[in-house]
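Breakdown of the fold
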Amino acid sequence: MNLLYKVYQLFIALPIIFVATVLTSLITILGGFINAHVFGYYPGRIWSKVVLRVLLLPIHVEGREHLHPRQSYVFVANHQGPVDIFLIYGYLGRNFKWMMKKALRKVPFIGFACEKAHHIFVDKSGPSKIEESINEARHTLKDGMSLVVFPEGTRTYTGKVGRFKKGAFLIADQLQLPVVPLTISGSFQVLPRQKGMFNFVKRHTL
């Protein structure tokens, strides 16, 4: 089964995902000149659902009904692998901005799209740069706009949750926003770190 799935993703799924990624990036970049909050979220949400469906990965979401529609939140999630991006973008059900490393701005297409979507890049080169990131978040997180952070700072090597860095919690404290933990289960089994191909699993939970 897993061998057949790898053949499927190599010749069918991955080409579709590549085209969908380029198109989504272009739509986000162009739409960002019009409305970064709309085009910074909805194209990515559709893209994520397409990717997960093309990869034949079933999703289960719990607890989303407890969120208040007009409240901004700081969501903090464990980071098991790349699939986490699609799970959160596609199924969190909230318009949000990612907090991400400054180095990701250099990723072709995606980095520029994230910039135009007004996602928040963190420059850790000094206290003044970190303060700029917090100020940017302060201006962005209004009227229900939320923030998503991977407080571990990197993907897990083992599948276990690592130590959380304090940045997300400092922002939540300074902006007086509630922190909501997101627990992702199953993503590590799909694509462990340093593996190049996806594995098929029966269920993922957000």
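Right above here is the structure, for reference.
The structure contained in this document is the topic of the report that follows. Remember, it's a predicted structure, so these values are computed and weren't measured experimentally. (Residues numbered from 1 in each chain as written. Predicted model: local features only at pLDDT ≥ 70, side-chain atom pairs only at ≥ 80, totals over all residues. Heavy atoms only, no water.)

1. Points about the packing of aromatic side chains
What the rule picks out here adds up to 11 aromatic pairs. Here tryptophan 47 and phenylalanine 86 contribute two aromatic rings whose centre-to-centre distance is 5.0 Å and whose plane-to-plane angle is 70°, an arrangement assigned as edge-to-face. Taken together, the positions of tryptophan 47 in helix H3 (residues 42-54) and phenylalanine 86 in helix H4 (residues 83-91) put the pair 39 residues apart, joining distant regions of the chain. Tryptophan 47 gets classed as buried once you look at its relative accessible area, which sits at 13%. Ring centres of phenylalanine 164 and phenylalanine 169 lie 6.3 Å apart, and the angle between their planes is 20°; on these two criteria the pair is classed as stacked. According to the relative accessible area criterion, phenylalanine 169 is partly exposed, its value standing at 33%. (Phe/Tyr/Trp six-rings, centres within 6.5 Å; stacked < 30°, edge-to-face > 60°. Helix = DSSP H or I, 4+ residues; strand = E, 2+ residues; numbered from the N terminus. Buried < 20%, exposed > 50% of the residue type's maximum accessible area, 1.4 Å probe, protein only.)

2. Section: the pattern of salt bridges
Scanning the entire structure with this criterion turns up one salt bridge. A salt bridge links arginine 105 to glutamate 115; the nearest nitrogen and oxygen atoms lie 3.6 Å apart. Of this pair, arginine 105 sits in the loop between strand S3 (96-101) and helix H5 (110-116) while glutamate 115 sits in helix H5, and the two are 10 residues apart along the sequence. The class of arginine 105 is partly exposed, set by a relative accessible area of 36%. With relative accessibility at 32%, the residue glutamate 115 sits in the partly exposed group. (Salt bridge = Lys/Arg side-chain N within 4 Å of Asp/Glu carboxyl O.)

3. Notes on the side chain of serine 48
As for its placement among the helices and strands, serine 48 is situated in helix H3. Note on serine 48: relative accessible area 0%, which makes it buried. Beyond its immediate sequence surroundings of up to four residues, serine 48 is in contact with Ile85, Phe86, Tyr89 and Gly90. (Contact = heavy atoms within 4.5 Å.)

Nothing here speaks to function; it is geometry throughout.
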